[in-house]
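Observations on the model geometry
So the chains spell out like this:
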Amino acid sequence: MFLFTTSRCISCRELLTRSENALCLTCHQKMARTFMLPKTNNIAEQRIEEACRISWAYSHYLFSKGESIVRDTVHEFKYHDNPRLAYEMGREVGEYMKQNGMTHLFDLLVPVPISWYRRLKRGYNQAGEFARGVSEATGIEMREDILKRISWASSLSTRNAEDRKKVMGSKAFIAKKAISEVRNRKIAIVDDVLTTGSTLGACVNAIREKEENADIGILTFSINE
Ligand SMILES: [Zn+2]
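1. Some points on unusual backbone geometry
Positive phi values are uncommon outside glycine, yet Lys 39 reaches one of about 60°. Positionally, Lys 39 belongs in the loop between α1 (25–30) and α2 (43–48). For Asp 81, which is not glycine, the phi dihedral falls at a positive 55°. One can find Asp 81 in the loop between α3 (69–79) and α4 (83–99).

Next up, the structure:
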């Protein structure tokens with residue numbers, strides 16, 4: 001099958017070649033990098049440390065006000081039905097981590113979940129697609145059944161006051177029973193963007209509720225300034 005495509009780059013609007021997905025090579029190479037190293041008190045670690053206790057954090061690209069390509073890329077895989085792009089970015093980041101000696105930090109990738117309702121609307125979880133790409137490139141296992149996002153309506157109405165408080169406090173994430181299977185694993189919680197750190201922190205804390213001393217790190221495609 002030969003597909004003729006007139007797709008344009010999401011950033012510069014130039015026509016794409018058949019091997020390019022969403023971004024042209026020129027824009028891809030212009031994306032701002034963080035060049036951060038894990039366990040160096042980097043900006044990702046500083047931001048997340050208020051929300052939870054982690055072993056390390058790493059964000060690959062810098063999502064800044066004056067830069068649009070990283071922002072456009074995140075928007076593309078979040079809102080424009082392009083799970084393939086999230087997966088390809090995952091492969092790229094995974095490859096980089098492998099080549100730069102970062103893969104000893106984790107042996108299990110756990111993406112931040114989305115609610116069933118959003119998954120139904122969007123059709124995929126962009127964090128899961130990104131994590132799947134990292135998993136492919138590094139050979140490290142990825143599990144989407146460790147964390148669950150509770151939908152507010154269904155969870156809150158059926159719970160007593162104390163449970164409700166717990167759900168609110170944990171930002172509606174729970175670690176499922178599968179947590180016993182991941183005891184003694186080095187977990188990387190994966191997401192597309194690190195902004196305030198509250199979502200990622202809620203995920204870390206949901207696991208800590210079940211396994212207080214779990215070794216948990218944070219891996220994101222990007223971090224905003
Ligand atoms: Zn371009």
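2. Description of the sheet that holds strand β2 (residues 108–111)
Ordered by their spatial adjacency, four strands build an open sheet running β1-β6-β5-β2, and the pairing between neighbours is parallel. In this open sheet, the two strands that pair with only one neighbour each are β1 (56–63) and β2. Averaged over all pairs of adjacent strands, the angle between strand axes in this sheet comes to 20°, irrespective of strand direction. Across four bridges, β2 lies against strand β5 (residues 186–194) in parallel orientation. In the strand pairing of β5, Val 110 is matched with Ile 189. Contacting β2, β5 and β6 (215–224), helix α6 (residues 126–138) crosses the sheet at an angle of about 125° to β5. Packed on one face of the sheet, helix α9 (residues 198–210) meets β5 and β6 and runs near 160° to β5.

3. Things to note about α6
With 13 residues, α6 ought to run about 18 Å at 1.5 Å a step, and its terminal C-alpha atoms sit 18 Å apart, in line with that. Counted residue by residue, α6 has eleven buried out of 13 residues, so it is predominantly covered. Taken as a whole, α6 has its buried residues at Gln 126, Ala 127, Gly 128, Glu 129, Phe 130, Ala 131, Arg 132, Gly 133, Val 134, Ser 135 and Thr 138. For α6, the elements touching its buried residues are α3, α4, β2, β5 and β6. In the segment just after α6, Gly 139 is the residue with positive phi, at about 75°.

4. Some words on the pairing of β6
Where burial is concerned, most of β6 is hidden: eight out of the ten residues are buried. Where β1 lies against β6, seven bridges are found, and the strand directions are parallel. Its bridge partner being in β6, Trp 56 is matched across the sheet by Gly 217. Considered for its hand, the β-α-β crossover made up of β5, α9 and β6 is right-handed.

5. A look at the environment of Ala 51
Among the structural elements, Ala 51 can be located in the loop between α2 and β1. When the C-alpha atoms of Ala 51 and Asn 205 are compared, they prove to be 8.5 Å apart, with 154 residues separating the residues in sequence. Beyond its immediate chain neighbours, meaning those up to four positions away, Ala 51 contacts Gly 197, Ser 198 and Gly 201.

6. Observations regarding α9
Over its 13 residues, α9 runs 19 Å from end to end, which matches the ideal 18 Å to within 8%, given 1.5 Å per residue. Three or more residues of α9 are buried, namely Thr 199, Leu 200, Gly 201, Ala 202, Cys 203, Val 204, Ala 206 and Ile 207. Tucked inside the fold, the buried residues of α9 contact α2, β3 (147–149), β4 (173–175), β5 and β6.

7. Topic: the packing of α4 against α6
At their nearest, the axes of α4 and α6 sit 6 Å apart, and the two run at 40° to each other. Here α4 is positioned oblique relative to α6, judged by the angle of their axes. Handedness of the crossing formed by α4 with α6: right-handed. Contact with α4, carried on its side by Pro 83, Ala 86, Tyr 87, Glu 88, Met 89, Gly 90, Arg 91, Val 93, Gly 94, Glu 95, Met 97 and Lys 98, involves Gln 126, Glu 129, Phe 130, Ala 131, Arg 132, Gly 133, Val 134, Glu 136, Ala 137 and Thr 138 of α6 and no other residues of that element. The residue makeup of the contact of α4 with α6, split by class, is ten nonpolar, five polar and seven charged.

8. Re the environment of Val 74
The residue Val 74 is located in helix α3 in this model. On the neighbour-count criterion, Val 74 (22 C-beta atoms within 10 Å) is buried. Sequence-wise, Val 74 and Val 193 are 119 residues apart; in three dimensions their C-alpha atoms are separated by 7.8 Å. Excluding its chain neighbours within four sequence positions, the residues that come into contact with Val 74 are Phe 63, Asp 192, Val 193 and Ser 222.

So, how was this worked out
- Just so you know, the residues in each chain are numbered from 1, in the order the chain's sequence is written.
- Local features in this predicted model are restricted to residues whose pLDDT is 70 or higher, and side-chain atom pairs enter the listing and the counts only when it is 80 or higher, whereas totals over whole chains, interfaces and linings include all residues.
- Here a strand is any run of E in DSSP of at least two residues, a helix any run of H or I of at least four, and the numbering for each starts at the N terminus.
- Note on pairing: DSSP must find at least two bridges between two strands before they are called paired.
- Under this scheme, a helix contributes an axis fitted over its contacting stretch, all axes are lines through C-alpha atoms, and angles between N-to-C directions fall in the 0 to 180 degree range.
- Note on contacts: each residue gets a C-beta atom placed from the backbone, and two residues are in contact if those atoms are within 7 Å.
- The length a helix should cover is 1.5 Å for every residue beyond the first.
- Between the buried cut of 20 or more and the exposed cut of 12 or fewer other C-beta atoms within 10 Å of a residue's own C-beta lies the partly exposed class, and all C-beta atoms are placed from the backbone.
- Orienting the strands away from the viewer, one traces the path from the first strand over the helix to the second; a clockwise path indicates a right-handed crossover.
- Small angles under 35 degrees read as roughly parallel and large ones over 145 as roughly antiparallel, with 65 to 115 read as roughly perpendicular and the rest as oblique.
- Helix crossings are classified by the rotation of the near helix relative to the far one: an anticlockwise turn of less than a right angle makes the crossing left-handed, while a clockwise turn makes it right-handed.
- Charged means Asp, Glu, Lys or Arg here, nonpolar means Ala, Val, Leu, Ile, Met, Phe, Trp, Tyr, Cys or Pro, and polar covers whatever is left, Gly included.

All we've got here are geometric facts, nothing functional implied.
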